[in-house]
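# Commentary on secondary and tertiary structure
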Amino acid sequence: MSGIGLFFFVAIVGLTLYVTYVASKRTNSASEFYTAGGGLTGWQNGIAIAGDYLSAASFLGIAGAIALFGFDGFFFSIGYLVAYLVVLYIVAEPLRNLGRYTLADMIAARFNQKKVRGAAAVSTITIVLFYMIAQLVGAGALIQLLLGIDYWIAVLIVGTMMTIYVLFGGMAATSWVQIIKAALLMVGTVIISFLVLWKFNFNILGMFSEMKSATTHGEAYLHPGVRYTNGIDTISMMIALVLGTAGLPHILMRFFTVKDAKTARSSVVYATWIVGIFYILTIFLGFGAAAFVGSEQIVAANAAGNMAAPLLAEALGGELLLSFVSAVAFATILAVVAGLVLSGASAFAHDLYGQIFKKGKVTEKEQMVAARSASIAVSVISIVLALGAQNMNVAFLVSLAFCIAASANLPVIIYTIYWEKFTTTGALAAIVTGLVTALVLVLLSPNLWAADGSMLFTGEPLFPLTNPALVSVPAGFIGGFIGTLIGQRADAKKYAEVDVKATVGLK
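Each value, and the rule that gives it
- Residue numbering note: each chain is counted from 1, following its sequence as written.
- Two thresholds apply to this predicted model, a pLDDT of at least 70 for residue-level local features and 80 or more for giving and counting side-chain atom pairs, whereas whole-chain, interface and lining totals are computed over all residues.
- As a rule here, side-chain values come from all non-hydrogen atoms in the structure, and water together with hydrogens is ignored.
- UniProt positions are given in the numbering used here, feature names are shortened, and annotations may be inferred rather than shown by experiment.
- Elements are defined by DSSP. Helices are runs of H or I of four residues or more, strands are runs of E of two residues or more, and each kind is numbered from the N terminus.
- As defined in this context, the radius of gyration uses C-alpha atoms, and a globule is described by 2.2 Å times the residue total to the power 0.38.
- Residue exposure (1.4 Å probe, protein chains only): buried if accessible area is under 20% of the type maximum, exposed if over 50%, otherwise partly exposed.
- Throughout, a contact is declared for two residues whenever any of their heavy atoms are within 4.5 Å.
- Where accessible areas are quoted, they stem from the Shrake-Rupley method and a 1.4 Å probe; at the residue level, only the protein chains shown are allowed to cover.
- Exposure above 30% relative accessible area and the absence of a salt bridge qualify a residue for a patch, where like charges join within 9 Å and nonpolar side chains (Val, Leu, Ile, Met, Phe, Trp, Tyr) within 5 Å.
- Salt bridge, as used here, is a side-chain nitrogen of Lys or Arg placed within 4 Å of a carboxyl oxygen of Asp or Glu.
- Note on aromatic pairs: the rings of Phe, Tyr and Trp (six-membered ring only in Trp) are paired at centre separations within 6.5 Å, and the planes decide the class, stacked below 30 degrees, edge-to-face beyond 60, tilted for the rest.
- Lines fitted to C-alpha atoms define the axes, with helix axes restricted to the stretch in contact, and inter-axis angles between N-to-C directions lie between 0 and 180 degrees.
- These descriptions rest on fixed angle ranges, namely under 35 degrees for roughly parallel, over 145 for roughly antiparallel, 65 to 115 for roughly perpendicular, and the rest for oblique.
- Charged means Asp, Glu, Lys or Arg here, nonpolar means Ala, Val, Leu, Ile, Met, Phe, Trp, Tyr, Cys or Pro, and polar covers whatever is left, Gly included.
- Crossing handedness is defined as follows: a turn of the near helix away from the far one that is anticlockwise and smaller than a right angle gives a left-handed crossing, while the clockwise case is right-handed.
- One less than the number of residues in a helix, times 1.5 Å, gives the span that helix is expected to have.
- Polar contact is the term for a pair of N or O atoms within 3.5 Å; when the atoms are in protein, one must be able to donate a hydrogen and the other to accept it, and sequence-neighboring residues count only if both atoms are side-chain atoms.
- Confidence of the predictor at the level of single residues is given by pLDDT, which spans 0 to 100.

Named according to an unreviewed UniProt entry, the protein chain is Cation acetate symporter originating from Tetzosporium hominis. We quote the UniProt Subcellular location (unreviewed entry) comment for the protein chain here in full: "Cell membrane". For the protein chain, the Sequence similarities (unreviewed entry) comment in UniProt is given as "Belongs to the sodium:solute symporter (SSF) (TC 2.A.21) family."

Below, the structure written as structure tokens:
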């Protein structure tokens, strides 16, 4: 790495560590650790949400997917963006009004049962691990490219950094790291997009015309079907992307960092604008990488295409822009994984340890020790799993996390808020059915099975879809419906109470 590259890395890491140091001075209670004391403003939380959402999958994975597969790669951008409408209109306000620290808190507002809370916590941890693997894979590939060190060493470096952020700074540090990272990421993306447009003489229509012959796919590059030849598989993936955001634990946690539902709504509006602009710009990142780097060089750097954006930065702006973009990508990964560690740790410490094992009788000190211990555990497990997923596209890995979130979490969220007859049995059935169905179908899918031995297992996959959301999401809703029919009668009085709280925010 050059001196300028080292400068950018040290500057960004130093800034984030300073933020963590400042935040650590006021992170002394469970509320401050989990939710920054609920003191973030709408614009602060909105930028932080965007920072959480614009992960390695967005910056590295989507750019690579568009560069290699054209329109099929842009499916990810469309799905991620539309997903915020679901969050804004269905989930954000009721969740903020009913919850305290975690998704399980919101469900427990209506069903005060250990089994339901435990199932929600397990679902949260599973989603966090899938998402974490994607981020660490991206981080490992990035640092391996820049520093020339082994992949496993790069993953360990990122794992250590993310643990430091959470252990000492909690949600306050994580939020401000997200804000800084989101700003830097947008600056880097705008600069690259401007340079790409400049190369195409600022003629967007001309750019699309030139892309018809810029790749080996020819005109098919601009149409669906290059990668996703199965239309049903494409629909399944889009279901996961559009519905999954509303069930992602690290995004849902962000609504507890503001003082009221009005601020939660404004947070989503700010986040939607930032996210929307970014995903439009991914077109320029992908097209630019395809035209000015080439698929051969992209695949040579990383088989899944995860290094397309940094390689494009180098092609257009030399080592200076490569160093800046790579440092920003590194900060992006650090910030997102810190948020994921925090959400996983909260499920362990608050839901499982504090509310189930200790039955709510836990001191602030005990809960803080448990949260920090859980942070280390989540980090270690994620690192171990990421070491075996080096050659998987991070955008695709994240789509699987979205699938589990849409299958296990979204049904119970919607039923809890909007269905009067929903019961404890239904809640447990919705979570378990959605989670188990998604996991089993992934294990039987082409993600892990191939006749030519290119995947983890050799043989024909028993389930044909790469993303099982088309089956697992309805399974979650059906499980909740059947569980409600066979379980005890719903508590109408409790639902009326929850309905009022969800709507007007009364505590």
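Once you've had a look at it, read on.
### Description of the overall build of the protein chain
Secondary structure assignment for the protein chain yields 19 helices and 2 strands. Computed over its C-alpha atoms, the radius of gyration of the protein chain comes to 22 Å, within 12% of the 23 Å expected for a compact globule of 507 residues. Here the C-alpha coordinates of the protein chain stretch approximately 65 × 50 × 40 Å along the principal axes. Of all 507 residues assigned to the protein chain, the portion counted as buried reaches 61%. Taking as baseline every contact in the protein chain between residues at least 6 positions apart, the subset at least 24 positions apart corresponds to 83%. Surface summary for the protein chain: the accessible area is close to 18900 Å², and the carbon and sulfur share equals 67%.

### Some points on the environment of alanine 50
Positionally, alanine 50 belongs in helix α3 (residues 42-53). Residue classification places alanine 50 among the buried positions, given a relative accessible area of 0%. When neighbours within four sequence positions are excluded, alanine 50 is seen to be in contact with Ala271, Ile274 and Val275.

### Concerning a nonpolar patch on the surface
A grouping of Trp152, Ile153, Leu156, Ile157 and Leu387 is seen on the molecular surface, where their side chains present a nonpolar patch of about 400 Å² in accessible area. Here isoleucine 153 is to be found in helix α8 (residues 151-199). The class for isoleucine 153 is partly exposed, based on a relative accessible area of 30%.

### Considerations on the environment of valine 336
Its place among the elements puts valine 336 in helix α14 (residues 308-357). Sequence spacing of valine 336 and glutamine 135 is 201 residues, and the spatial spacing of their C-alpha atoms is 7.6 Å. Contacts of valine 336, omitting those with residues within four sequence positions, involve Gly51, Asp52, Leu54, Ser55, Tyr131, Gln135, Gln178 and Lys181.

### Structural notes on the packing of aromatic side chains
Taken as a whole and judged by the stated rule, the model has 16 aromatic pairs. Each ring, one from phenylalanine 71 and one from phenylalanine 75, has its centre 5.2 Å from the other, and the planes form 85°; the classification is edge-to-face. A residue pair is termed a helical-turn pair when its members lie 3 or 4 positions apart in one helix, as phenylalanine 71 and phenylalanine 75 do in helix α5 (residues 71-98) at 4 residues. Under the relative-accessibility criterion, phenylalanine 71 is labelled partly exposed at 28%. Centre to centre, the rings of tyrosine 80 and tyrosine 279 are 5.7 Å apart; their planes meet at 40°, and the pair counts as tilted. Residue tyrosine 80 is found in helix α5, and its partner tyrosine 279 is found in helix α12 (residues 261-292); the two are separated by 199 residues along the sequence.

### With respect to the packing of α3 against α8
Following both chains from N to C, one finds α3 and α8 inclined at 75°, their axes separated by 8 Å at the closest point. When the axes of α3 and α8 are compared, the pair comes out roughly perpendicular. Contacts from Gln44, Ile47, Ala48, Gly51 and Asp52 of α3 reach α8 at Ser175, Trp176, Gln178, Ile179, Lys181 and Ala182. Residues that form the contact of α3 with α8 fall into these classes: 5 nonpolar, 4 polar and 2 charged.

### With respect to the packing of α3 against α12
Relative orientation of the contacting elements α3 and α12 amounts to 45°, with a least axis distance of 7 Å. The pairing of α3 with α12 is recorded here as oblique in orientation. Once α3 is placed against α12, the crossing between them reads as right-handed. Contacts between α3 and α12 involve Gly42, Trp43, Asn45, Gly46, Ile47, Ile49, Ala50 and Tyr53 on the former and, on the latter, Thr263, Ser266, Ser267, Tyr270, Ala271, Ile274, Val275 and Tyr279.

### Some details on helix α10 (residues 231-244)
Helix length check: α10, at 14 residues, gives a terminal C-alpha distance of 20 Å against a target of 20 Å (1.5 Å per residue), a fit within 8%. Taken residue by residue, α10 has Asp233, Thr234, Ser236, Met237, Met238, Ala240, Leu241, Val242 and Gly244 as its buried positions. Where α10 begins, the side chain of asparagine 230 points an oxygen toward the backbone nitrogen of isoleucine 232, at a separation of 2.9 Å.

### A short note on the side chain of glutamine 178
One can find glutamine 178 in helix α8. Excluding its chain neighbours within four sequence positions, the residues that come into contact with glutamine 178 are Ile47, Ala48, Gly51, Asp52, Arg254, Ala335 and Val336.

### Brief notes about the side chain of histidine 350
Relative to the helices and strands, histidine 350 is located in helix α14. At 3.0 Å, the side chain of histidine 350 and the side chain of aspartate 105 are in polar contact.

### Considering unusual backbone geometry
In this structure, asparagine 201 is a non-glycine residue whose phi angle is positive, near 60°. Here asparagine 201 lies in the loop between α8 and α9 (204-211). Here the phi dihedral of phenylalanine 202 falls at roughly 55°; this positive angle occurs in a residue that is not glycine.

### A closer look at helix α17 (residues 424-443)
With 20 residues, α17 extends 29 Å from end C-alpha to end C-alpha; this agrees with the ideal 28 Å at 1.5 Å per step. Every buried residue of α17 is accounted for by Thr424, Gly426, Ala427, Ala430, Ile431, Gly434, Leu435, Ala438, Leu441 and Val442.

### Topic: the confidence of the model for the protein chain
On average, residues of the protein chain score 83 in pLDDT, and 95% of them reach the 70 mark or higher. By mean pLDDT, strand β2 (residues 457-458) is the weakest element of the protein chain at 76, and helix α18 (residues 469-486) is the strongest at 94.

### A closer look at the environment of proline 94
Tracing the chain through its elements places proline 94 in helix α5. Take proline 94: its relative accessible area is 9%, and that puts it in the buried class. For the pair formed by proline 94 and leucine 252, sequence separation is 158 residues and the distance between their alpha carbons is 11 Å. Apart from the residues lying within four places of it in its own chain, the contact partners of proline 94 are Ile417, Tyr418 and Ala502.

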